[in-house]
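Descriptive structure summary
So you can see what is in the structure, the chains are spelled out below.
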Amino acid sequence: MSAAIRIAMALALGMALSQAALAGGDAQAGKAKAAQVCAACHSADGTKPTAPQYPVLAGQYDEYLVRALKDYKSGKRKNPIMQGFAATLSQQDIENVAAWFSSQSGRLYTPHESEIR
Amino acid sequence: MLQRLPAALVAAGLGLAALAPAAFAQNITGNAAAGKEKASMCIGCHGIVGYRTAYPEVYPVPKIGGQQDQYIIDALKEYKSHARWHPSMQAIAGSLSDQDMADLAAYFSQEKK
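Predicted model, so just to flag it, every value in this text is computed and none were measured.

Parameters and conventions
- Residues numbered from 1 in each chain as written.
- Chains lettered and ligands numbered in written order.
- Predicted model: local features only at pLDDT ≥ 70, side-chain atom pairs only at ≥ 80, totals over all residues.
- Helix = DSSP H or I, 4+ residues; strand = E, 2+ residues; numbered from the N terminus.
- Contact = placed C-beta atoms within 7 Å.
- Buried ≥ 20, exposed ≤ 12 C-beta atoms within 10 Å, placed from the backbone.
- Axes fitted to C-alpha atoms, helices over the stretch in contact; angles between N-to-C directions.
- Parallel < 35°, antiparallel > 145°, perpendicular 65-115°, else oblique.
- Nonpolar A, V, L, I, M, F, W, Y, C, P; charged D, E, K, R; others polar.
- Core = buried A, V, L, I, M, F, W, Y, C linked by C-beta atoms within 7 Å.

Okay, the overall build of chain A next. Tallying secondary structure elements over chain A gives six helices and zero strands in all. Intrachain contacts of chain A at a sequence separation of at least 6 include 67% that bridge at least 24 residues.

The following block contains the structure:
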């Protein structure tokens, strides 16, 4: 095996591991955190928000939820309520709550003309 | 009293004028069938399972089917006003009227068949 191939394999392995790390939230830890921080508005499993302006989180893409929370935390996405809550979450908390909500089944779906009345 | 009345009327009039736009906005009712006709610009990205934005950062576009009606409207308004950042969504939302947004929200918020 040439050195170049070995390096390429190591890089590929590294990328695979970092991809896994991206989706590395602990859903059970996320459930506990969500109960304290998110549930009052989004409901404990993210299926039944308490007001029409709050999004359903159950079944949303993990990475999208991470992105949203990071952007709220940094202030890139502006929402006074969410900025306050996201500020209390660590990077690990964000990955955990994203893992929790994305793993719940809810009413979200990818719209396709054939699937909508 | 008679002298104060006009001032009171003006104040009441100003109050109504200030309330009118908000009241009007709330009176817009979304029509799902109309939304379906306007959804072609959304489906190109939001209609593909697992579709990822290619620009400017790579992450999955959110599932919007079954999402809450008012959340969709608020998101579109935030993109249109540039309070929320994303080049493609700002451009698309910029082309939408309040009625378009309500119609699209009515369409996408429906339960899956």
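There is more to say, and it comes next.
So, on to helix α6 (residues 98–108) of chain B. Residues and elements named next belong to chain B. In terms of burial, α6 is largely enclosed, as eight of its eleven residues are buried. Every buried residue belonging to α6 is among M101, A102, D103, L104, A105, A106, Y107 and F108, and all of these are buried. Taken together, the buried residues of α6 touch α2 (32–38), α3 (40–46) and α4 (69–80).

With that out of the way, let us pick up the packing of α4(B) against helix α5 (residues 87–94) of chain B. Residues and elements named next belong to chain B. Two elements in contact, α4 and α5, have axes separated by 7 Å at closest approach and are oriented at 100°. One finds that α4 runs roughly perpendicular with respect to α5. In this structure, α4 uses L76, Y79 and K80 to contact α5, whose residues at the interface are M89, Q90, A93 and G94. A class-by-class count of the residues in the contact of α4 with α5 yields four nonpolar, two polar and one charged.

Residues and elements named next belong to chain A. In this structure, A40 sits in helix α3 (residues 39–42). Here A40 falls in the exposed class, since 12 other C-beta atoms lie within 10 Å of it. When the C-alpha positions of A40 and T50 are compared, they lie 7.6 Å apart, and in sequence the two are ten residues distant.

We now examine the interface of chain B and chain A. The parts lose accessible area when they come together, and the size of an interface is often stated as this lost area. If you look at the interface, chain B gives 27 residues, while chain A gives 24 residues. For the side of chain B that touches chain A, the secondary-structure elements that each account for two or more residues are α3, α4 and α6 of chain B. Sort the elements by how many residues they give to the side of chain B that touches chain A and α4(B) lands first, with four residues. Tallied by class, the residues present in the side of chain B that touches chain A amount to eleven nonpolar, eight polar and eight charged.

The next thing to look at is the nonpolar core. Residues and elements named next belong to chain A. Core analysis: the largest hydrophobic core is formed by 20 residues, its most contacted members being L65, L69, V97, A98 and F101. Elements that contribute at least two residues to this core include exactly α4 (62–74) and α6 (91–102). Counting residues per element, this core draws most heavily on α6, at six residues. Among all residues touching L65, those that are not within four sequence positions of it are L57, Q60, A98, F101 and S102.

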